[in-house]
Amino acid sequence: MCGIVAYIGKRQASPILLDGLRRLEYRGYDSAGIALWTDGGIDVYRKAGRIENLRKAVSEANPPGDLGISHTRWATHGAPTDENAHPHKDQSGNLALVHNGVIENYISIKDQLLAEGHTFQSETDTEVLAHLVGKCYDEGEETEPQAKLVAAVQAALPRVKGTFGIAVIHSDAPGVIVGSRLGSPLVVGLGKDEHFLASDVGAIVAHTRDVIYLNDYDLVTITRHGYDVSSLDTNRTASVKVSRVDFTEDDAEKGKFEHYMLKEIYEQPQSIRNALRGRLSRDEATAVLGGLNMSPMELRQIDRIIFSGCGTAYHAAMVGEYLMESLARIPTEIEFASEFRYRNVPTTKSTLQFVVSQSGETIDTLAALREAKRKGLRCLGIVNNVASTIARESDGGVYIHAGPEIGVAATKTFTSQVTIMTLLSLLFGRIHHLSSTDGLEMIDELEAIPEKIESILKQAPRIKEIAQKYANAEGMLFMGRQLNYPVAMEGALKMKEISYIYASGHPSAELKHGIIALVKPDLPSVFIAPDDAVFDKNVSNIEEVKARKGPVIAVTTEGCTDLERIADDVLYVPPCKSILSPLLTVVPLQLLSYYVALARGCDVDKPRNLAKSVTVE
Ligand code: M6R
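Since we're looking at a predicted model, the values are computed, not measured.

**Q** Explain the overall build of the chain residue by residue, including any values.
**A** Each helix and strand counted, the chain has 18 helices and 26 strands in total. For the chain, whose C-alpha radius of gyration is 26 Å, the value lies close to the compact-globule estimate of 25 Å for 617 residues. For the chain, the spread of C-alpha atoms along the principal axes amounts to about 80 × 55 × 45 Å. Residue burial in the chain is summarised as follows: out of 617 residues, 62% are buried. Considering only contacts in the chain between residues 6 or more positions apart, those separated by 24 or more positions represent 71%. Just so you have it, the chain exposes about 22800 Å², and 48% of that area is on carbon and sulfur atoms. Of the charged side chains in the chain, 65 are positive and 80 negative, and the gap between their average positions amounts to 3 Å.

As structure tokens, then:
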């Protein structure tokens with residue numbers, strides 16, 4: 001949540017910062033601002049609302065300056081106003097700071113500073129941090145300004161409780177930007193005669209692909225010609241590794257698509273191929289997942305599996321539970337990451353925990369990982385962002401290799417996560433009960449999935465028509481059985497978050513236990529009813545809704561025409577092994593929510609109140 005970009009070099013800083021913020025807008029879009037070092041001191045521009053508002057203000061002024069820090073905000077403390085936008089200055093007005101994260105003890109620090117005569121312009125915790133660093137600077141030993149700024153950051157940060165990724169500049173120190181992190185990502189970009197700081201490489205990949213992912217407690221200084229990484233904690237030595245980013249700026253662009261979400265829905269055939277590449281062994285009829293860092297003997301001893309994640313990742317984990325229990329017969333439990341960390345989930349000596357996260361930065365999922373490790377569990381990640389904190393702190397895992405996902409609504413990462421869950425279940429299945437014939441059949445079926453998704457995508461015009469028909473619905477119900485119950489949950493989440501239509505997902509059989517009371521002519525129900533062992537049961541539930549004049553949209557299997565006579569609208573997915581059906585049935589639901597949101601004039605990629613990665617509790 002929130003995004004930082006900072007630049008020092010020989011080029012005009014403001015266009016670079018604005019472009020970087022545009023690329024980070026998915027992290028928060030309540031307000032934005034930049035601070036630039038100019039001859040007279042530090043100039044700050046801040047605007048509530050989208051980055052476009054800031055861009056207009058800054059472009060008109062066309063400010064000079066080859067050093068600056070910038071920020072796009074997802075409001076935590078204080079409303080999204082100009083005053084609460086970052087950067088914030090200190091009491092002297094000479095220091096400016098941008099911050100991601102939350103300073104939990106800001107009230108007590110603020111009270112102390114107020115008693116010393118400080119005055120504040122905003123309601124934010126960040127302004128308090130700026131004042132604290134400024135005070136440490138003003139009270140610091142007389143030395144040259146660059147060293148003094150570093151010392152001030154080093155003195156201030158141990159006094160705060162909470163999480164931070166920060167970038168700080170001072171008018172006395174025209175040649176340096178100081179940054180640090182604890183719990184919020186920060187990456188250093190290495191260029192020729194220029195350096196960058198950013199919350200995410202996507203913001204700077206247009207300028208450099210050589211980066212250093214900072215660790216918690218790292219303290220960094222960047223100048224035009226170099227960088228230095230040290231540690232906030234004197235008992236710890238910072239380790240520095242330069243990495244090469246494996247995607248280009250084009251991968252993070254919309255290309256020919258109107259929205260990132262649509263682009264990412266269409267990328268699914270490819271992202272699933274990427275998740276499968278090199279991970280299937282026909283000879284052994286199993287999956288090959290070296291990143292687990294576990295021998296077959298160790299894998300065989302696992303007697304219990306826990307998956308945890310949030311939002312879409314949690315829904316993928318729900319599918320994983322069904323897959324693991326059916327293919328491998330290993331007792332599997334799913335937990336919202338936010339609950340796992342506060343529960344005392346019983347575990348065995350051989351329990352294996354997986355944390356599932358696209359960003360690898362979700363605070364609750366990270367906390368679940370740390371809690372699992374504290375309990376001595378082996379904890380593995382199923383992660384997209386290879387440089388993320390979860391990827392680095394877990395004991396191993398499997399990358400989903402879906403490429404950058406920018407749309408706030410997760411789409412391709414759901415199908416990639418489910419693909420990885422299938423590979424894991426195949427691997428565990430082959431260690432236990434699954435025959436090589438069954439293993440090979442799974443491999444064949446998995447490899448056929450991308451092409452089947454391509455054929456579903458061709459139905460987009462029809463899905464758009466259906467979406468327009470239901471765009472004014474006051475609510476929607478999503479229903480499915482077995483593996484398609486999580487798909488119903490996921491379909492409802494997509495509908496809620498981008499179209500603001502209240503939607504809920506349920507096991508179809510639960511209908512009669514209360515939900516049916518909601519059914520009426522302007523409340524459509526979406527049934528995910530592929531031609532599988534529970535198809536007839538779903539048909540009965542659809543009849544029950546129709547008998548009460550509720551409109552029904554059904555998703556079923558090509559060739560199965562039974563629903564044409566009952567449902568109002570029917571969407572088809574190609575036949576597949578029923579255990580893999582979530583990889584297909586979710587796609588029409590993603591498109592349905594996309595086109596409903598479009599018809600309602602919603603901002604599909606940046607839904608209100610949301611941010612792509614949730615890095616605060
Ligand atoms: O980055 P993560 O996968 O950990 O994110 C988890 C959720 O915040 C995320 O899936 C969220 O629910 C999406 N907006 C859903 O579309």
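**Q** Outline the sheet that holds strand E1 (residues 3-8), listing residues and values.
**A** Pairing in this open sheet of 8 strands is antiparallel, and the strands run E3-E2-E4-E1-E10-E9-E11-E14 from one edge to the other. Each edge of the sheet is formed by a strand with only one pairing partner; in this case those strands are strand E3 (41-48) and strand E14 (242-244). Pairs of neighbouring strands in the sheet enclose a mean axial angle of 20°, with direction left out of account. In the sheet, strand E9 (residues 187-190) pairs with strand E10 (residues 195-198) via 4 bridges, with the strands oriented antiparallel. Within E10, the position partnered with Val187 by the bridge is Ala198. Lying over the sheet, helix H2 (residues 51-61) contacts strand E2 (31-38), E3 and strand E4 (67-73), oriented at roughly 140° with respect to E3.

**Q** With reference to specific residues and values, describe the sheet that holds strand E26 (residues 569-573).
**A** With respect to topology, 5 strands assemble into an open sheet ordered E23-E22-E24-E25-E26, the strand pairing being parallel. Lying at the two open borders of the sheet, with one neighbouring strand each, are strand E23 (502-507) and E26. Direction aside, the axes of adjacent strands within the sheet are offset by 20° on average. Where strand E22 (residues 475-480) and E23 come together, 6 bridges link them in parallel fashion. Bridge pairing in E23 links Gly475 to Tyr502. Across the face of the sheet, helix H15 (residues 460-470) comes into contact with E22, strand E25 (552-557) and E26 while running at roughly 150° to E26.

**Q** Quick one: what's the story with the environment of Ala372, residue by residue and with numbers?
**A** Considering the arrangement of structural elements, one finds Ala372 in helix H11 (residues 363-374). A residue is classified by how much of its surface remains accessible, and Ala372, at 0% relative accessible area, is buried. Here Ala372 is in contact with Phe340, Gln353, Leu377 and Cys379, once residues within four sequence places are set aside.

**Q** Lay out unusual backbone geometry with the relevant residues and their values.
**A** Following His86, the chain continues to Pro87 via a peptide bond in cis, the omega torsion being 0°. Along the polypeptide, Pro87 turns up in the loop between E4 and strand E5 (88-89). One non-glycine residue, Asn293, lies in positive phi territory at about 55°. Among the structural elements, Asn293 can be located in the loop between strand E16 (286-287) and helix H8 (296-301). Residue class for Asn293 comes out partly exposed when judged on its relative accessible area of 48%. Phi is positive for Lys549, close to 65°, though the residue is something other than glycine. Among the structural elements, Lys549 can be located in the loop between helix H17 (535-547) and E25.

**Q** Can you explain the site of the ligand? Please cite residues and give values.
**A** What surrounds the ligand is a group of 14 residues, the closest being Ser357, Gln358, Ser359, Thr362 and Glu497. Separating an oxygen atom of the ligand from a backbone N or O atom of Thr312 is a distance of 3.1 Å. One of the backbone N or O atoms of Ala410 is found 2.8 Å from an oxygen atom in the ligand. Protein contacts shield 90% of the accessible area of the ligand, which totals 410 Å² for the unbound molecule. Contributions of two or more residues to the shell around the ligand are made by helix H9 (311-328) and helix H16 (484-499). Split by domain, the shell around the ligand shows at least three residues from each of two domains, domain 2 (254-457) and domain 3 (459-605).

**Q** How would you summarise the side chain of Asn538 if you had to cite specific residues and measurements?
**A** Along the chain, Asn538 falls in helix H17. Judged by its relative accessible area of 2%, Asn538 is buried. Polar side-chain contacts of Asn538 include one of 2.7 Å to the side chain of Ser508. With residues up to four places along the chain from it excluded, the contact list for Asn538 reads Arg481, Ser508, Phe527, Ile528 and Ala529.

**Q** Any chance you could break down the packing of aromatic side chains for me, citing the residues and the numbers?
**A** Applying the stated criterion to the full structure yields 5 aromatic pairs. On the basis of an interplanar angle of 75° and a centroid distance of 5.0 Å, the ring pair of Tyr594 and Tyr595 is categorised as edge-to-face. Across the ring face of Tyr137, the terminal group of Lys148 is positioned such that the distance to the ring centre comes to 4.7 Å. Taking the ring centre of Tyr500 as reference, the NZ or CZ of Arg608 above it sits at 3.9 Å.

**Q** Kindly report on the pattern of salt bridges, identifying the contributing residues and their values.
**A** Tallied over the full model, the rule gives 43 salt bridges. The partner of Asp216 in a salt bridge is Arg370, with the nearest N and O atoms 3.6 Å apart. Note that Asp216 is positioned in the loop between strand E11 (210-213) and strand E12 (218-222) and Arg370 in helix H11, a separation of 154 residues in sequence. Judged by its relative accessible area of 15%, Asp216 is buried. Using a relative accessible area of 36% as the deciding quantity, one classes Arg370 as partly exposed.

**Q** Provide a residue-level description of the pairing of strand E8 (residues 177-182), including the pertinent values.
**A** Of all 6 residues making up E8, 6 are buried, and the element is well covered by its neighbours. Here strand E7 (residues 164-170) runs beside E8; their pairing, made up of 5 bridges, is antiparallel. Each residue of the ladder has a partner; that of Val168, found in E8, is Val178. Taking the residues between adjacent antiparallel strands as the criterion, E7 and E8 are bridged by 6 residues. In terms of strand pairing, E8 meets E12 through 4 bridges, oriented antiparallel. Note that in E12 the partner of Gly179 across the bridge is Val220.

**Q** Quick one: what's the story with the environment of Thr413, residue by residue and with numbers?
**A** By the secondary structure assignment, Thr413 is in helix H13 (residues 412-431). Of the residues examined, Thr413 reaches a relative accessible area of 1% and is grouped as buried. Sequence separation of Thr413 and Leu598 is 185 residues, and the distance between their C-alpha atoms is 21 Å. Once residues within four sequence positions are removed from consideration, Thr413 is found in contact with Gln358, Asn384, Ile400, Ala402 and Glu405.

Calculation rules
- Residues numbered from 1 in each chain as written.
- Predicted model: local features only at pLDDT ≥ 70, side-chain atom pairs only at ≥ 80, totals over all residues.
- Heavy atoms only, no water.
- Helix = DSSP H or I, 4+ residues; strand = E, 2+ residues; numbered from the N terminus.
- Rg over C-alpha atoms; globule rule 2.2 N^0.38 Å.
- Buried < 20%, exposed > 50% of the residue type's maximum accessible area, 1.4 Å probe, protein only.
- Contact = heavy atoms within 4.5 Å.
- Areas by Shrake-Rupley, 256 points an atom, 1.4 Å probe, with all protein chains shown as cover.
- Lys, Arg positive; Asp, Glu negative; His and termini not counted.
- Charge placed at Lys NZ, Arg CZ, Asp CG, Glu CD.
- Pairing = 2+ DSSP bridges.
- Axes fitted to C-alpha atoms, helices over the stretch in contact; angles between N-to-C directions.
- Near = heavy atom within 4 Å.
- Polar contact = N/O pair within 3.5 Å; in protein donor to acceptor, adjacent residues only side chain to side chain.
- Domains from an automatic or database assignment.
- Phe/Tyr/Trp six-rings, centres within 6.5 Å; stacked < 30°, edge-to-face > 60°.
- Lys NZ or Arg CZ within 6 Å of the ring centre and 35° of its normal.
- Salt bridge = Lys/Arg side-chain N within 4 Å of Asp/Glu carboxyl O.

Interpretation note: all reported values are geometric properties and have no functional meaning in isolation.
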